[in-house]
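Report on the structure
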Amino acid sequence: MIEVIKHNDLSDAEAAVYDRQIRLWGLDSQKRLRHASVLLVTMNGFSGEIAKNIILAGVKSVTFLDHRNSVQEDIHTQFLIDSDQIGKNKAVTWLKKAHKLNPLVNIKADTDNVDDKEDSFFGEFDIVCVTGCTITQMKRINRICRDYDVKFFAGDVWGSFGYTFADLNTHELEEDLYGQVSPSCAIVGGIMAQEIIKTIAQNGRPHNNLFVFNPVTMIGQVLKLH
């Protein structure tokens, strides 16, 4: 685990930084954001967009969890990685640029394999957001989140197609592994981050509960799964 910076309370300086969004959703909502800890599982173009938005929004902390090393293809989809970071752990390579987005957020990198994490690890967070995970991994983490009363988000982007999912009871899907297209990462990642922020801030009606994006029609749609 690598820790970059710690801040606990909403100071006058933070109030100045977040002035515009405080005017948008109110001080109480910003305080909720400022006390929220978020875990992002798997570093890719999609989760990079999520990270950017929630870090800029001013959550208390964000932890990046990924045991893999970066490869050349990551440069084309992940703006949080520098070209000289190829071959290094994916979570660690995100720290520098992520910290620059908002130095007031406590940002950490965890290089463990998600499968090696004990249940209690996930209980340390307010929000757990997983991408690039298998059905088995998502089911396990979702079950743990329910046991620990932690909000669970899942989503992914395959090529130009993507989805976000939240507050599951049971969840199954079929997925094929495609390269991620950056514009779709930006759109679907922005939606996921928006839903995370609304959930923490308790401001705004959340999607209920599946969002899918179709790049052919350029239309996003919210569907309710029972």
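For every chain, the first residue of its written sequence is number 1, and the numbers climb from 1 along that sequence. Residue-level local features of this predicted model are given only where pLDDT is at least 70; pairs of side-chain atoms are given and counted only at 80 or more, and the full residue set underlies all totals for whole chains, interfaces and linings. Excluding hydrogens and water, the side-chain values take into account all heavy atoms of the structure.

Low-confidence regions, as indicated by low pLDDT, have predicted coordinates that should not be scrutinised in detail. Scored between 0 and 100, pLDDT is the confidence that the predictor attaches to each residue. With 90% of its residues at a pLDDT of at least 70, the protein chain reaches an overall mean of 87. Note on contacts: a residue pair qualifies if any of its non-hydrogen atoms lie within 4.5 Å across the two residues. When the criterion is pLDDT under 50, residues 1–8 qualifies, and its contacts beyond four places in sequence or with other chains add up to 31 contacts. Every residue in residues 170–176 scores below 50 in pLDDT, and together they form 16 contacts with partners more than four places removed in sequence or on other chains.

The subject of this paragraph is the environment of Thr134. Runs of E in the DSSP output that reach at least two residues are strands. Runs of H or I that reach at least four are helices, and both are numbered from the N terminus. Tracing the backbone shows Thr134 in the loop between strand 5 (127–131) and helix 8 (135–147). The class for Thr134 is partly exposed, based on a relative accessible area of 41%. Burial here depends on accessible area, computed with a 1.4 Å probe over protein chains only, as a share of the maximum for the residue type. Under 20% is buried, over 50% is exposed, and the range in between is partly exposed.

Turning our attention to the packing of aromatic side chains. Here a Phe, Tyr or Trp ring, Trp counted by its six-membered ring, pairs with any other such ring whose centre lies within 6.5 Å, and the pair is stacked when the planes are under 30 degrees apart, edge-to-face when over 60, and tilted otherwise. Scanning the model with the defined rule gives four aromatic pairs in all. Where Phe121 meets Phe122, the ring centres are 5.3 Å apart and the plane angle is 80 degrees; that geometry is what we call edge-to-face. Phe122 sits in the buried class, given a relative accessible area of 1%. Relative to Phe125, the ring of Phe121 has its centre 5.3 Å away and its plane inclined at 70 degrees; by these criteria the two rings are edge-to-face. For Phe121, a relative accessible area of 8% gives the class buried. Placement of a positive charge over a ring is assigned whenever Lys NZ or Arg CZ falls within 6 Å of the ring centre and within 35 degrees of the normal to the ring plane. The side chain of Lys117 reaches across the aromatic face of Phe121, ending 4.3 Å from its centre.

A word on unusual backbone geometry. Working note: non-glycine residues mostly have negative phi, and peptide bonds are mostly trans. Omega for the peptide link from Asn208 to Asn209 comes to -5 degrees, which places this bond in the cis form. Examined against the element boundaries, Asn209 turns out to sit in the loop between helix 9 (182–201) and strand 8 (210–214). Of note in this structure, Met218 is not a glycine but carries a positive phi near 60 degrees. By relative accessible area, which is 54% here, Met218 ends up exposed.

The angle between two axes is taken between their N-to-C directions and runs from 0 to 180 degrees, where each axis is a line fitted to C-alpha atoms and a helix contributes only its stretch in contact. Interhelical geometry of helix 4 (residues 45–57) versus helix 9 gives an angle of 40 degrees and a closest axis separation of 8 Å. Taken together, the axes of helix 4 and helix 9 lie oblique to each other. Classified by chirality, the crossing of helix 9 by helix 4 is right-handed. Packed against helix 4, whose contacting residues are Gly45, Phe46, Glu49, Ile50, Asn53, Ile54 and Ala57, the element helix 9 presents Cys185, Ala186, Val188, Gly189, Gly190, Met192, Ala193, Ile196 and Ile197 at the interface. The labels follow the angle: roughly parallel below 35 degrees, roughly antiparallel above 145, roughly perpendicular from 65 to 115, and oblique for the rest. Left-handed describes a crossing in which the near helix is turned anticlockwise from the far one by less than a right angle; the clockwise case is right-handed.

Right, let's get into the pairing of strand 8. Two strands form a pair only when DSSP identifies at least two bridges running between them. Across four bridges, strand 7 (residues 161–166) lies against strand 8 in antiparallel orientation. Of the residues in strand 8, the one forming a bridge with Tyr163 is Val212. Relative to strand 9 (residues 219–223), strand 8 is paired through five bridges, and the arrangement is antiparallel. Counterpart to Asn214 in the pairing with strand 9 is Ile219.

Before going further, it helps to examine the nonpolar core. The set of buried Ala, Val, Leu, Ile, Met, Phe, Trp, Tyr and Cys residues whose side-chain atoms join them within 4.5 Å is what this entry labels a nonpolar core. Core analysis: the largest hydrophobic core is formed by 43 residues, its most contacted members being Leu40, Ile50, Ile54, Val62, Phe64 and Ile196. When residues in this core are grouped by element, the largest group, nine residues, is from helix 9. Ignoring any residue separated from it by four or fewer positions in sequence, one finds Leu40 in contact with Ser47, Ile50, Ala51, Ile54, Val62, Thr63, Phe64, Leu65 and Cys129. Counting 21 residues, the second largest nonpolar core, distinct from the first, contains Phe121, Phe152, Trp158 and Tyr163.

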